[in-house]
Amino acid sequence: MELKQKELELWLASILSIGPVKTNKLLEYFKSEEEIYKAGKTALLEAEGITEKIADEIINRRQQGTIQREFEKICEKEISLVSIHDREYPDKLRNIAKPPYALFVRGRLPEEKRISIAIVGARNCSSYGKEMAFWFGKSLSNAGIQVISGLALGVDGCAHKGALLGKTSTFGILGNGIDICYPRENFELYMSMQKKGGIISEYGLGIPGKSFQFPMRNRIISGLCDGVLVVEARERSGSLITADLALEQGKEIFAIPGKIGDRLSEGCNNLVKSGAELVQSPKDILNNFHINQIFDHNKMKKNDIFLDSMEKIVYANLSLVPKHLDEILKETNLLMSDVVGILLKLELDGFVKQTAKNYYIQSYEDGTIF
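Residues numbered from 1 in each chain as written. Predicted model: local features only at pLDDT ≥ 70, side-chain atom pairs only at ≥ 80, totals over all residues. Heavy atoms only, no water.

With that settled, the discussion passes to the nonpolar core. Judged by nonpolar contacts, the single largest core of 37 residues is most densely connected at Trp 11, Leu 26, Ile 36, Leu 44 and Ile 58. The set of elements that each furnish at least two residues to this core consists of helix H1 (5–13), helix H2 (19–30), helix H3 (33–38), helix H5 (52–60), helix H6 (64–76), strand S2 (102–107) and helix H10 (187–195). With 5 residues, the single largest contributor to this core is H1. Membership of the second largest hydrophobic core comes to 28 residues, among which are Val 82, Leu 109, Val 230 and Cys 268. (Core = buried A, V, L, I, M, F, W, Y, C linked by side-chain atoms within 4.5 Å. Buried < 20%, exposed > 50% of the residue type's maximum accessible area, 1.4 Å probe, protein only. Helix = DSSP H or I, 4+ residues; strand = E, 2+ residues; numbered from the N terminus.)

So this is what it looks like as structure tokens:
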């Protein structure tokens, strides 16, 4: 019994040593996966870029029973295989350098006609970076924009969490096998996003993440989006690789500015110097894409409606930069007992967050974009 087309595609996608460029060269030369599968070693070596070692691996991987069992596994796990031949394959990826030959998908792919923004940044970000990623993720999602990121710790995860609370789908691009949640801390996110969006990888079952695979993953993140927002990034970081790739692909680049001298702000500030659009609110991104989101202008900031005079003083004293209780006491000139009680109430009501013991910030978890 011969292999079916999808089984052949799975076979070719699973030979990692070939890579997207050589895979494309093989398809140009042999015209189909079936012809590659049937080709002898001499014929394989005639294709551009195919070495003897690669030819041997292609031949050694021709184990029909193994391929069929692997295909059955991905079907059982409700994983879709979308190759570059399929109509569902994203048009945005077809024209990038080194387009992935195939995508493994849990959930679904982004909608082609809907605007997508990638939100990327440092894994070891500050509490400010986390709040910004969450705020932008939720606000853009509520405005109908798809949020794309890499499901990493820090900025990526917070952007996905915010988007999941919005109205539009969010998509995580992995640098490892589609069935592996990395990091494990984001497992709940990994599962939730399959129901409201999707998980996407060019790697099949059981492929562990290796360092070179994550920069490769970034070309898919930038390729699928219409713009990239960098929240926090060091002078040299994977987030800047994503931004550079997006720039090469003709995408919009946005950056949230940071404090001078702050290492986590160096990347963003350099992007702004290089011409990236400085953004201070999700509205800046919406305006760039001419999205006229309808806002309730009668809705005022929380501290103008719900808080009494002392609560307003404490709330107004905070920002997105963590502030210690001693500093709050000194600047508000209120009694310790009053401030502690107010902070507890504001925290329970979702107005503020405690980022570490006795350090407080304003909370943007309502997703307001005023």
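Reported here for the largest pocket is a volume of approximately 340 Å³. Considering the residues around the largest pocket, the lining is formed by 21 residues, among which Gly 121, Arg 123, Ser 237, Gly 238 and Ser 239 are closest to the centre. Broken down by secondary-structure element, the contributors of at least two residues to the lining of the largest pocket are helix H11 (213–224) and helix H12 (238–248). Ranked by the residues each element gives to the lining of the largest pocket, the list is headed by H11, at 5 residues. Of the residues assigned to the lining of the largest pocket, the class counts are 9 nonpolar, 7 polar and 5 charged. (1 Å grid on protein atoms, 1.4 Å probe; cavity = no way out; pocket = protein on both sides within 12 Å on 5 of 7 lines; lining within 4 Å. Points joined across faces, edges and corners; volume = space filled by probe spheres on them. Nonpolar A, V, L, I, M, F, W, Y, C, P; charged D, E, K, R; others polar.)

Attention shifts here to the side chain of Ser 116. With respect to the helices, strands and loops of the structure, Ser 116 is situated in strand S3 (residues 116–120). Reaching out from Ser 116, the side chain makes a polar contact with the side chain of Gln 146 at a distance of 2.7 Å. Ignoring any residue separated from it by four or fewer positions in sequence, one finds Ser 116 in contact with Lys 92, Pro 110, Ile 145, Gln 146, Ile 148, Leu 224, Cys 225, Asp 226 and Gly 227. (Polar contact = N/O pair within 3.5 Å; in protein donor to acceptor, adjacent residues only side chain to side chain. Contact = heavy atoms within 4.5 Å.)

Time to look at the sheet that holds strand S10 (residues 323–324). An order of S10-S12-S11 is seen for the 3 strands of this open sheet, with the pairing classed as antiparallel. On the outer flanks of this sheet lie S10 and strand S11 (352–356), each paired with one strand and no other. Where S11 meets strand S12 (residues 359–362), 4 bridges bridge the pair, whose relative direction is antiparallel. Its bridge partner lying in S12, Gln 354 is registered against Tyr 360. Across the face of the sheet, helix H18 (residues 336–348) comes into contact with S11 and S12 while running at roughly 105 degrees to S11. (Pairing = 2+ DSSP bridges. Axes fitted to C-alpha atoms, helices over the stretch in contact; angles between N-to-C directions.)

Attention now goes to the state of the cysteines. On inspection of all chains with the given rule, the structure shows 0 disulfides. You can see Cys 125 has no disulfide; the closest cysteine sulfur is in Cys 158, sitting 5.6 Å from it. (Disulfide = S-S within 2.5 Å.)

A word on the side chain of His 160. Structurally, the position occupied by His 160 is in helix H9 (residues 155–164). The exposure class assigned to His 160 is buried, which follows from its relative accessible area of 0%. A polar side-chain atom of His 160 sits 2.9 Å from a polar atom in the side chain of Thr 170. Non-local contacts of His 160, meaning those with residues more than four positions away in its chain, are made with Ile 148, Ser 149, Gly 150, Leu 151, Thr 170, Phe 171, Gly 172, Leu 189 and Met 193.

When helix H17 (residues 325–332) is considered as a whole, its buried residues turn out to be Leu 325, Ile 328, Leu 329 and Thr 332. An end-on view of H17 places all buried positions within 100 degrees of arc, on one side of the element. Those residues of H17 that are exposed and aimed more than 90 degrees away from the buried face are Asp 326 and Lys 330. Looking at the buried positions of H17, the neighbouring elements they touch are helix H16 (309–317), S10, H18 and S12. Following H17 by one or two positions, Asn 333 has its phi on the positive side, about 60 degrees. (Arc of directions from axis to C-beta.)

The residue after Tyr 182, namely Pro 183, is reached through a cis peptide bond having omega 0 degrees. Along the polypeptide, Pro 183 turns up in the loop between strand S5 (170–173) and H10. With a phi close to 55 degrees, Glu 78 is a non-glycine residue in the positive phi region. With respect to the helices and strands, Glu 78 occurs in the loop between H6 and strand S1 (80–83). Accessibility expressed as a relative area gives 69% for Glu 78, which makes it exposed. One non-glycine residue, Leu 151, adopts positive backbone phi at about 60 degrees. Take Leu 151: it is sitting in the loop between strand S4 (146–149) and H9.

With that settled, consider the pattern of salt bridges. One pass over the full model with this rule turns up 14 salt bridges. One salt bridge in this structure joins Lys 92 and Asp 226, with 3.0 Å as the shortest N-O distance. Of this pair, Lys 92 sits in helix H7 (residues 91–94) while Asp 226 sits in the loop between H11 and strand S7 (227–230); the two residues are 134 residues apart in sequence, bridging distant segments of the chain. Classification of Asp 226 by relative accessible area gives partly exposed; the value is 22%. Of the charged contacts in the structure, one is a salt bridge between Asp 349 and Lys 345, with a shortest N-O distance of 3.1 Å. Taking relative accessible area as the criterion, Asp 349 reaches 44% and is therefore assigned partly exposed. Salt bridges sharing common partners tie together Lys 6, Glu 9 and Asp 86. (Salt bridge = Lys/Arg side-chain N within 4 Å of Asp/Glu carboxyl O.)

What follows deals with the sheet that holds S1. Pairing between the strands of a sheet comes from backbone hydrogen bonds, and it takes one of two forms, parallel or antiparallel. Spatially, S1-S2-S6-S5-S4-S3-S7-S8-S9 is the arrangement adopted by the 9 strands of the open sheet, whose pairing is mixed. Each edge of the open sheet carries a strand with a single partner, namely S1 and strand S9 (277–278). Running at roughly 155 degrees to S5, H11 makes contact with S2, S3, S4, S5 and strand S6 (197–201) of the sheet.

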